[in-house]
Amino acid sequence: MPKTKDEKGFVDIVNGRYKPRGVFHIPEANQPIFNKDTGKLAGVTNPRDMTYIHSYGGEAPFFEGLGKGRLMATRCDNEKCSTKGSIYQPFRIYCPDCLRKNIVIDMTDLAKKTAKIHSYIITHRSGAFNSLPIPIKFINVEFEGVVTILMSVLAVGEPEIDKRVVPIFNTKSPTYTIMDLRFVVEGTTESELPEGFTY
Ligand SMILES: [Zn+2]
């Protein structure tokens, strides 16, 4: 059953400080575990309902961008770095070679023009809390001029190595998580996109 507003935790940042409000730990009665063969107590269940406060830190621009239909990456612009100009997607806050802070760039257009499937795996059995339709088509996506590979999900179409794909974004009701980004095969029409998603 979805929780009511009074059973949720919310966080704002005011004057540079995290200000939680609401409920972050909801108690629930435990249940005994009895051995039906002997009638003896064997243990208890331990239900827990906790809301985590997950700070994105320097990765926040990536997640904020998704809800606006933008795919943000980072790039090392350090003149003295031997790998200067390297673009990182997934978003790396620091350059792994010179350890200087990368700059944030918008690579949406590059992704739309050059994304293709590097490899893929189709998953028929998922773990707990999965909300993606099964089978899940996990794809590793490569982009021209980007030195890393992005793991994502193919929402429409069949995966194939080297197939051109295009990013789509949950811009209608963003969750501000990686779930706001998926890919579809090139040529997919807007009406085929999952609910809430746009190009
Ligand atoms: Zn560097």
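(A) Looking closely at the overall build of the protein chain. When helices and strands are counted, the protein chain shows two helices and 15 strands. Relative to the 2.2 N^0.38 estimate, which gives 16 Å for 199 residues, the radius of gyration of the protein chain is 22 Å and therefore markedly larger than a compact globule would have. Overall size of the protein chain, expressed as C-alpha extent along the three principal axes, is 70 × 45 × 35 Å. For the protein chain, the residues scored as buried account for 30% of the 199 residues in total. Total accessible area computed for the protein chain in this model is approximately 13,000 Å², and 53% of it derives from carbon and sulfur atoms. Across the protein chain, the centroid of the 26 positively charged side chains sits 6 Å from that of the 23 negatively charged ones.

(B) Structural context of the pairing of strand E5 (residues 41–44). The sheet contact formed by strand E4 (residues 32–34) and E5 spans three bridges and is antiparallel. Looking at the pairing, Phe34 lines up with Leu41 of E5. Linking E4 to E5, which pair antiparallel, is a turn of six residues; within it Gly39 sits at a positive phi near 80°.

(C) Quick peek at the sheet that holds strand E8 (residues 87–88). Taken in spatial order, the three strands make up an open sheet running E8-E7-E9, and their pairing is antiparallel. Unpaired on one side and paired on the other, E8 and strand E9 (103–106) mark the two borders of the sheet. Here four bridges tie strand E7 (residues 72–75) to E9, and the two strands are oriented antiparallel to one another. Within E9, the position partnered with Met72 by the bridge is Asp106.

(D) Summary view of the coordination of the zinc ion. Bound to the zinc ion are the protein donor atoms Cys76 (SG), Cys81 (SG), Cys95 (SG) and Cys98 (SG), situated 2.3 to 2.4 Å from the metal. Seen from the zinc ion, its four donor atoms lie at angles of 103 to 114°, and the figure they make is tetrahedral. Written as a sequence motif, the donor residues of the zinc ion are C-x4-C-x13-C-x2-C. Looking at Cys98, the relative accessible area reads 23%, which means it is partly exposed.

Parameters at a glance
Starting from 1, residues in each chain are numbered consecutively following that chain's sequence as written. Given that the model is predicted, a residue must reach a pLDDT of at least 70 before its local features are reported, and side-chain atom pairs must reach 80 or more before they are shown or counted; all residues, however, enter totals for whole chains, interfaces and linings. The side-chain values count all of the structure's non-hydrogen atoms but skip hydrogen atoms and water molecules. Runs of H or I in DSSP of at least four residues are treated as helices and runs of E of at least two as strands, each being numbered from the N terminus. All radius of gyration figures rest on C-alpha atoms, and the globule criterion is 2.2 Å times the number of residues raised to 0.38. Burial classification: accessible surface area is computed with a 1.4 Å probe over protein chains only, and a residue below 20% of its type maximum counts as buried, one above 50% as exposed, and the rest as partly exposed. Values of accessible area rely on a 1.4 Å probe in the Shrake-Rupley scheme; residue burial ignores everything except the protein chains shown. Positive charge is attributed to Lys and Arg, negative charge to Asp and Glu, and no charge count is given to His or to the chain ends. Note on charges: their place is set at NZ of Lys, CZ of Arg, CG of Asp or CD of Glu. Note on pairing: DSSP must find at least two bridges between two strands before they are called paired. Each metal's donors are the N, O and S atoms within 2.8 Å of it, or within 3.2 Å when it is Na, K or Ca, and because water is not part of the set, sites may look incomplete. Between 85 and 135 degrees for all angles marks four donors as tetrahedral; over 155 degrees for opposite donors together with 65 to 115 for all other angles marks four donors as square planar and six as octahedral; every other arrangement is irregular.

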